[in-house]
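Chain and residue survey
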Amino acid sequence: MVRVSLLVLLPLFYLSLAVVRAEDPYLYFTWDVTWGTLAPLGKPQPVILINGQFPGPNINSTTNNNIVINVFNNLDEPFLLSWHGVQQRKNSWQDGMPGTNCPIPPGKNFTYHFQVKDQIGTYFYFPSTSIHRVAGGFGGLRVNSRLLIPVPFDEPEDDYTILVTDWYSKSYESLKKFLDSGRSLGRPDGILINGLNGKGENSNKPMFTMKAGKTYRYRICNVGLKNSINFRIQGHSMKLVEMGGSHTVQNVYDSLDIHLGQCYSVLVTANQSPKGYYIVASTRFTKTVLTATAIVQYEKSKTPPSPTIPEAPSGWAWSLNQFRSFRWNLTASAARPNPQGSYHYGGINITRTIKIVNSAARVDGKLRYAINGVSFTHPATPLKLAEYYNIVDKVFKYNTIADIPAAESDTVTIQPIVVNATFRDFVEIVFENHEKSVQSWHLDGYSFFAVGMEPGRWTQDSRKHYNLLDAVSRNTIQVFPKSWSAVLLTLDNAGMWNLRSQILERQYLGQQLYFSLLSPARSLRDEYSLPELSLKCGLVEKLPLPAPYTI
């Protein structure tokens with residue numbers, strides 16, 4: 001009875017707010033998160049379902065929509081969802097990361113309420129607690145442009161979402177025991193395209209259909225655990241039009257390398273002989289290449305695809321050159337979260353440089369991953385709540401890593417990492433990879449300009465190679481082996497924001513941190529107050545709510 005009345009009253013409550021304040025439209029969802037048994041790679045295993053679906057429901061929204069999602073956690077352990085790429089302006093309370101939110105206890109629910117403010121593009125959501133992502137719980141999230149805003153391409157015949165992930169046939173519990181015991185997860189067992197591998201009894205069933213002569217939009221996200229993937233469609237070229245929420249110069253590609261956490265939108269025209277064609281996703285930079293296929297079928301044709309699957313490119317130099325071909329479409333009209341200075345970022349003086357150097361070591365015989373010599377661990381009290389309740393001294397210390405590490409060291413310490421940053425500073429973050437594998441990094445709450453990527457070690461002279469005119473504004477960046485990548489951004493979104501490795505085992509074992517951006521005036525103009533119905537845990541569970549921010 002209580003659950004039914006909540007579902008009835010909650011929409012009425014938000015609807016009344018929308019009428020009184022003349023707010024943007026609201027979208028309401030109710031999600032049940034449960035365990036189910038599926039066989040994505042042919043072997044039955046526990047999978048996290050949302051409303052019985054794997055992957056979860058697709059969120060189809062429009063710029064400035066308010067999204068209200070009531071999540072019921074019917075798992076047997078705490079759970080959170082996070083919204084990869086949604087910037088949550090002034091609202092890290094809804095980010096859904098363990099550093100900002102208390103997890104939803106088993107058998108309980110929590111309502112996320114956020115706005116896709118001034119954004120367009122292709123994103124996804126995922127479980128942020130434990131290593132739940134190895135069991136599913138992810139889904140697509142798209143933000144369409146408002147009808148009044150011109151888009152730099154004709155409206156497609158249809159809009160398809162493709163979520164690609166590498167996958168393990170072992171259970172969530174088994175994989176978690178591996179990591180907790182100090183071992184790596186090892187090589188994944190296969191690749192999934194929208195939860196399917198392209199084998200088995202339904203392998204000949206088309207995933208999508210196209211009408212001859214029509215153009216379609218494909219939104220492709222790598223929601224994987226460990227590997228970059230190469231994506232291609234047999235016999236068809238792809239025109240890149242958007243990545244990470246930014247319209248791009250519309251170059252044409254036969255295949256695209258999509259690194260962990262990245263999302264691309266492409267236009268595909270059905271201009272080939274009417275029959276079936278394979279959609280192909282395969283791992284990159286791995287000794288053993290894992291491949292999955294799906295079928296796109298031309299309407300009114302039952303002819304199957306040719307068995308000859310197009311090959312992926314080899315080597316990471318090819319991928320680096322592809323990155324260099326990406327350019328921001330400066331003439332396109334679109335919503336932008338931080339338009340001030342967006343067109344002239346190359347002329348803004350850098351106020352702080354932070355170099356992120358990844359490393360791996362063993363602590364007490366167990367594998368840990370680190371940033372600048374420190375391996376992150378989550379305290380029982382979320383970092384943002386400790387800050388808001390003014391009990392930081394009982395939970396964590398600021399600035400436990402140096403902005404520029406002095407030297408490489410095999411010593412690793414384990415503690416929370418919170419970088420105390422100055423609101424509205426224009427910063428440079430350099431990711432330096434000393435290892436032989438490709439890395440991928442994501443920053444919540446922001447888009448940044450991916451200005452540089454080169455082999456070797458970064459120095460101040462490396463800035464001479466930056467693209468200071470039309471680098472794509474995006475939220476996730478890869479770093480090639482023995483190479484560096486650099487991004488520029490304005491820290492103008494107050495809150496507590498997670499910077500993390502997109503490689504799940506690295507993230508879980510310490511390769512992440514949080515940026516703290518405090519509003520100097522504790523003003524609602526800069527940041528929202530803690531919502532009254534927020535979950536509380538740890539040291540703040542029984543504390544009275546602090547005074548809210550003021551105008």
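See the structure shown above.
Summary of the structure given here. (Residues numbered from 1 in each chain as written. Predicted model: local features only at pLDDT ≥ 70, side-chain atom pairs only at ≥ 80, totals over all residues. Heavy atoms only, no water.)

1. A closer look at the state of the cysteines
Test applied: The term disulfide is used for any two cysteine sulfur atoms that are within 2.5 Å. For helices the rule is a DSSP run of H or I covering at least 4 residues; for strands it is a run of E covering at least 2, with both sets numbered from the N terminus onward. We call a residue buried when its accessible area falls under 20% of the maximum for its residue type, exposed when it is over 50%, and partly exposed in between, using a 1.4 Å probe and counting protein chains only.
Applying the stated rule across the entire model yields two disulfides. Note on cysteine connectivity: C102 is disulfide-linked to C537, with sulfurs 2.1 Å apart. Where C102 bonds to C537 through sulfur, the torsion about that S-S bond is close to -90°, and the disulfide is left-handed. You can see C102 sitting in the loop between β5 (81–84) and β6 (109–115) and its partner C537 sitting in the segment after β33 (512–517), a full 435 residues away along the chain. Accessibility assignment for this pair places C102 and C537 in one class, buried. Across the disulfide, C221 is cross-linked to C263 (sulfur-sulfur distance 2.1 Å). What sets the handedness of the C221 and C263 disulfide is the S-S torsion sign, and at about 115° it is right-handed. On the criterion of sequence distance, the pair formed by C221 in strand β12 (residues 215–222) and C263 in strand β18 (residues 263–269) is long-range, its members being 42 residues apart. Ordering the disulfide-forming cysteines of the protein chain by sequence position, one finds them joined as 1-4, 2-3.

2. Thoughts on the sheet that holds β6
What counts, and what does not: By this definition, two strands are paired if DSSP reports at least two bridges between them. To get an axis, a line is fitted to the C-alpha atoms, and for a helix only the part in contact is used. The angle between two axes follows their N-to-C directions and goes from 0 to 180 degrees.
Pairing is mixed in the open sheet, where four strands are placed in the order β2-β1-β4-β6. Where the open sheet ends on each side, the last strands, each with one partner, are β2 (45–50) and β6. With strand direction ignored, the average angle separating the axes of adjacent strands in the sheet is 20°. Here six bridges tie strand β1 (residues 26–38) to β2, and the two strands are oriented antiparallel to one another. By the bridge assignment for β2, W35 is matched with I48.

3. Concerning the packing of aromatic side chains
To keep it simple, the criterion reads: Any two of the Phe, Tyr and Trp rings considered here, Trp counted by its six-membered ring, make a pair once their centres fall within 6.5 Å; the pair's planes then place it as stacked at under 30 degrees, edge-to-face at over 60, or tilted in between.
Enumeration according to the criterion identifies 31 aromatic pairs in this entry. With a centroid separation of 5.4 Å and 20° between ring planes, the pair formed by W316 and F480 is classed as stacked. Placement of W316 in helix α3 (residues 316–325) and of F480 in the loop between β30 (476–479) and β31 (483–490) is noted, with a sequence separation of 164 residues between them. Taking the relative accessible area as the measure of exposure, W316 reaches 28% and is therefore partly exposed. Centroid distance Y388 to Y549: 5.7 Å. Interplanar angle 55°. Geometry classified as tilted. Taken together, the residues Y388 in helix α4 (residues 383–388) and Y549 in the segment after β33 connect sequence positions 161 residues apart.

4. Here we look at the environment of I59
Our working rule: The contact definition used throughout considers only heavy atoms, calling two residues in contact when any of these lie within 4.5 Å.
By secondary structure assignment, the location of I59 is in strand β3 (residues 59–62). With a relative accessible area of 0%, I59 lands in the buried category. Contact partners of I59, with chain neighbours within four places excluded, come to F29, W31, I67, I69, W83, Y125, G140, L141 and R142.

5. Some thoughts on the pairing of strand β8 (residues 139–144)
Among the six residues of β8, five are classified as buried, and the element is accordingly described as predominantly covered. Summarising the sheet, β3 and β8 pair through four bridges and their orientation is parallel. The residue bridging I59 from the neighbouring strand is L141, located in β8. Across five bridges, strand β7 (residues 121–127) lies against β8 in antiparallel orientation. From the neighbouring strand, Y123 faces β8, where its bridge partner is L141.

In short, the description is geometric, and any link to function would need to be established separately.
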